[in-house]
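Below, each chain spelled out in residue letters.
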Amino acid sequence: MNISYNWLKEYLQFDLSPQETSDALTSIGLETGSVEEIQTIKGGLEGLVIGEVQTCVSHPNSDHLHLTTVNTGNGEEPLKIVCGAPNVAAGQKVVVATIGTKLYSGDDEFTIKRSKIRGEESFGMICAEDEIGIGTSHDGIIVLPKDAKVGTPAKEYYNVKSDYALEVDITPNRIDAASHFGVARDLAAWLKQAGKPYTLTKPSVKGFSVDTREGGIEVIVENREACPRYSGLTIRGVTIKESPDWLKNRLSVIGLRPINNIVDITNFVLHETGHPMHAFDAAKITGNEVVVRTMPNKTKFVTLDEQEHELSENDLIICNSEGGMCIAGVFGGLESGVTEKTTDIFLESAYFNPTWVRKTARRHGLNTDSSFRFERGADPMNTVYVLKRAALLVKELAGGTIEGDIRDIYPIPLERARVTLSYDKTNKLTGKEIPKETVKSILHSLEIEIENETDNELTLLIPTYRVDVTRDVDVIEDILRIYGYNNVEISDSLKANLSTQMPADRKQKLQTLISEQLTANGFNEILNNSLTKRGYYEILESYPATKCVPLINPLSNDLNVMRQTLLFGGLESIAYNRNRRNTDLHFYEFGNCYFYDAAKKNEENNLACYSEEFHIGLWICGKRTHKNWAAAAEQSSVFELKADVQNILKRMGVSGNQVFFETTQNELLSAGMSIKTHKRTIGFFGIVSPAICKKFDIDTEIFYAEMNWNLLMKESEKQSVHFSEISRFPAVSRDLALLIDKGITFDQILQIAIKSEKKILKQVSLFDVYEGKNLPEGKKSYAVNFLLQDEEKTLNDKQIDNVMQRIQKNLEEELGAQLR
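The notes below deal with the structure included here. Keep in mind that what you see is a predicted model, and the values were worked out from it rather than measured.

Examining the overall build of the protein chain
The helix and strand tally for the protein chain stands at 20 helices and 43 strands. Against the compact-globule benchmark of 28 Å for 820 residues, the protein chain has a radius of gyration of 41 Å, which places it well outside the compact range. Each principal axis of the C-alpha atoms in the protein chain carries an extent, and together these give about 135 × 80 × 65 Å. Counting only residues that meet the buried cut, the protein chain has 48% of its 820 residues in that class. The long-range fraction of contacts in the protein chain, counting pairs at least 24 apart against all pairs at least 6 apart in sequence, stands at 70%. Summed over its atoms, the accessible surface of the protein chain is roughly 42900 Å², and 47% of this surface lies on carbon and sulfur atoms.

Digging into the packing of aromatic side chains
The tally for this structure, following the rule as stated, stands at 19 aromatic pairs. When the centroid spacing of 6.1 Å and the interplanar angle of 85 degrees are considered together, the rings of Tyr5 and Phe14 count as edge-to-face. Judged by centre distance (5.1 Å) and plane angle (40 degrees), the rings of Trp619 and Tyr704 are tilted. Taken together, the residues span a long stretch of sequence, with Trp619 in strand β33 (residues 610-621) and Tyr704 in strand β39 (residues 703-708) at a distance of 85 residues. In this structure, Trp619 and Tyr704 share a single accessibility class: buried. An aromatic cluster of three or more residues is present, and its members are Tyr536, Tyr537, Phe568 and Phe696. In this arrangement the basic side chain of Lys9 is found over the ring face of Phe14, its NZ or CZ atom lying 5.3 Å from the centre. Sitting above the plane of the Tyr465 ring, Arg185 keeps its charged end 3.7 Å from the centroid.

Quick word on the sheet that holds strand β4 (residues 48-58)
With antiparallel pairing, five strands are arranged side by side in an open sheet as β6-β5-β4-β7-β12. Strands at the two margins of the open sheet, each flanked by one partner only, are β6 (79-83) and β12 (124-126). Mean inter-strand twist for the sheet, computed between neighbouring axes without regard to direction, equals 45 degrees. Across five bridges, β4 lies against strand β7 (residues 93-98) in antiparallel orientation. By the bridge assignment for β7, Leu48 is matched with Ala97.

Some thoughts on the pairing of strand β18 (residues 289-294)
Where strand β15 (residues 218-221) meets β18, four bridges bridge the pair, whose relative direction is parallel. Bridging across to β18, Glu218 finds its partner in Glu289. Sheet topology places β18 next to strand β21 (residues 316-319); four bridges connect them, and they run antiparallel. Bridge pairing links Val292 to Ile318 in β21.

Quick look at the nonpolar core
If you look at the biggest cluster of nonpolar residues, it comprises 73 residues, and the most contacted ones within it are Leu187, Leu347, Val394, Leu443 and Val475. Sort the elements by how many residues they give to this core and helix α10 (residues 383-398) lands first, with ten residues. In this view, Leu187 contacts Leu8, Leu12, Phe14, Thr21, Ala24, Leu25 and Ile28; residues no more than four positions away in its chain are not counted. Core analysis: the next-biggest nonpolar cluster, separate from the first, contains 35 residues, Cys227, Ile317, Ile318 and Ala378 among them.

Focus: the side chain of Asp644
Along the chain, Asp644 turns up in helix α16 (residues 638-651). Summary of buried charges: Asp644 has no salt-bridge partner, and the nearest side chain of opposite charge, Arg624, is 7.7 Å away. Excluding residues that lie within four positions of it along the chain, Asp644 makes contacts with Phe523, Leu618 and Ile620.

Things to note about the environment of Ile81
Tracing the backbone shows Ile81 in strand β6. For the pair formed by Ile81 and Cys593, sequence separation is 512 residues and the distance between their alpha carbons is 80 Å. When sequence neighbours within four positions are dropped, the list of residues in contact with Ile81 reads His66, Leu67, Thr68, Val70, Val96, Ser122, Phe123, Gly124, Met125 and Ile126.

Focus on a negative patch on the surface
Taken together, Glu31, Glu36, Glu167 and Asp169 make up a surface patch of like negative charges. Among the structural elements, Glu36 can be located in strand β3 (residues 32-39). For Glu36, a relative accessible area of 48% translates into the label partly exposed.

Brief notes about the pairing of β21
Where burial is concerned, the two faces of β21 agree: the one with Leu316 and Ile318 and the one with Ile317 and Cys319 are both buried. Both β21 and strand β22 (residues 324-327) contribute to a ladder of three bridges, which runs antiparallel. For Ile317, the partnering residue across the bridge sits in β22 and is Ile327.

Description of the pattern of salt bridges
A complete count under the given rule lists 43 salt bridges for this structure. A salt bridge links Lys102 to Glu109; the nearest nitrogen and oxygen atoms lie 3.7 Å apart. Of the residues examined, Lys102 reaches a relative accessible area of 45% and is grouped as partly exposed. A residue is classified by how much of its surface remains accessible, and Glu109, at 47% relative accessible area, is partly exposed. Across the pair Lys425 and Asp472 runs a salt bridge, and its minimum N-O distance is 2.9 Å. Residue Lys425 is located in helix α11 (residues 423-430), and its partner Asp472 is located in helix α13 (residues 472-483); the two are separated by 47 residues in the primary sequence. Owing to a relative accessible area of 34%, Lys425 belongs among the partly exposed residues under this scheme. The class for Asp472 is buried, based on a relative accessible area of 18%. Each of Arg174, Asp176, Asp186, Arg466, Asp468, Asp478 and Arg481 takes part in a single network of salt bridges with overlapping partners.

What counts and what doesn't
Residues numbered from 1 in each chain as written. Predicted model: local features only at pLDDT ≥ 70, side-chain atom pairs only at ≥ 80, totals over all residues. Heavy atoms only, no water. Helix = DSSP H or I, 4+ residues; strand = E, 2+ residues; numbered from the N terminus. Rg over C-alpha atoms; globule rule 2.2 N^0.38 Å. Buried < 20%, exposed > 50% of the residue type's maximum accessible area, 1.4 Å probe, protein only. Contact = heavy atoms within 4.5 Å. Areas by Shrake-Rupley, 256 points an atom, 1.4 Å probe, with all protein chains shown as cover. Phe/Tyr/Trp six-rings, centres within 6.5 Å; stacked < 30°, edge-to-face > 60°. Lys NZ or Arg CZ within 6 Å of the ring centre and 35° of its normal. Pairing = 2+ DSSP bridges. Axes fitted to C-alpha atoms, helices over the stretch in contact; angles between N-to-C directions. Core = buried A, V, L, I, M, F, W, Y, C linked by side-chain atoms within 4.5 Å. Lys, Arg positive; Asp, Glu negative; His and termini not counted. Salt bridge = Lys/Arg side-chain N within 4 Å of Asp/Glu carboxyl O. Patch = residues over 30% accessible without salt bridge, like charges linked within 9 Å, V, L, I, M, F, W, Y side chains within 5 Å. Charge placed at Lys NZ, Arg CZ, Asp CG, Glu CD.

Shown next as structure tokens:
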């Protein structure tokens, strides 16, 4: 937001320079990004002077040029100037650009130099309007009145003034400072505490009076939730014309384009007081009444920018007896605005519910100066003052008579916020004991009223324009920013209470444990956005788009739903890295996944249809090891990923016969297995489908695993860790070479072996797989090792043989296995 330095000084008389003002505003929380000098005429007419043409004769070598001598009042010889203007004549008072003067034409700049024109020397230039920026005419040179004094600098003659635009960054909570008087009010509080002279003056409206008590346009507010207060005033017989220079200059400095006197007045009052206004052409208000209400869903409405909008039943509209005239607090309508033909106007000054304005503005994609202020909270107590201020300016600049009293609909006045402030808490939060009198002085300068006072605390009434101040900490923040952050000394000691640190819960401890394990094994942790693209789920049946949690107002189509799986975010990270030649990747991520189930929706609990799960995802691609002197390069494989999954499970105490893997059909994978316990499926792993990889322009195999961390935690809670001494008795190893069907997995062999002998069978491992010649069709050979050990005695051959025969028999009966 731009603040004019000269405009600011109309309300606050003080002695700070523009840069000092910028520094002071920044110190009190109104951060000022830049200070730019702005002149009403570009270049400030520097180097231009009022001169008198003494002689004017035709150029000997041209039929349209003239040779002139011009007195510029500097006591030296008159300047010889070649001029091509058809209206130049002796005795004229003119504007002269001397040698070295810079002239501006739009964005172009050129410098006046000594030159020869058709053989005759010229030592300056007699200027036209457009050449110095005071008009657009180029029909001839500027001819000034006879009483213009020769030698007067043009900037004095045209009363050119410099101003400074301060770019103030307003935080969302400080809408009270989104105006010149608001900034002046805040700066005055700082000046008072800094002991600097100042005078704060609010524009008076004492001169306001109604010319005719009878008449005026009536106001009806049907929706009082959306419009707690509405004030309006009728003015007849106005003249629409160009605004005076002072008003145009005020608006131009802050970057606004002047339009006409009425519209410029509403913009001026907005940036003066911070309260938005709107002017209606009274002739367009049919039925002689303004009705504040909503309209039927999908009603068409055309705004001032000639764009058609489809209204919602939750949009508040300012209407006449026939239809809508303005989207309340957001944008005016095309048919009801002030034009050159307008003679009667109706001025609106209202307080609209911030939530209603914000939702309407977002719904229609509109962002205006008006909506910016209303959706953050205007001052409900300011509507009538603003109306009077604007009415006085209208009468001054456009004439007219005020018809009828101000219509002010305010049935339920909003109460001022009441806050109890403790001196002890103030000193504790600020880090310094601020004297009580200083605290009260700051509160007074901020117009915060002290309703009641004790030795330890104050009861305060907050001004209605400070919508951000509702708690004692808000008041303390205000006290500190005016007192000065730099006035709080940095202590030499560090005070901390380590005993108050909350211990990490079990979930966090296990998450940290697994993170450290994966990082130690070469993985990098990633963190992706929970928002993702709905298009990823459009063709999936197991993760249907209908189960995505949608966003009402998405930032973009790429971020319009909440994710159901961690996979796609990881693939985006892999694609990003591979595009930058980082191809060998090991990633992991902890994150939430979100689900919507319309079947669970009910009236008693609107959130019942939404669920959330905490997952862990692992991604592997590229090479496992690179070629070096000791080993050849080796590509990553799904078995490497399986080992990482097993290590996670083992580290959490979920392993052995408590978990098993089972072939699964998963749309995300071209080949994969589910991870199961005896009661539930806790995840899956496998090779990502090439069709999905293609969507991310990934042309290599991606190995992916995802587990439900919440379920994994439940399984882990059931397990306990037991320690035992290393057995004093030797272990015995036996091997079986089994001929089995190709469809049989090692996990099936493992489960049968465990079921056959639970006491002394310690380990089962697969050490060789053979498929090929000398084997029957559809068969393969597994070489399996069995490790047997008794914790209490040495095993004898008979015991060993009994166990192996039992295992062999069960394998033959259940799997049809044969010994080779």
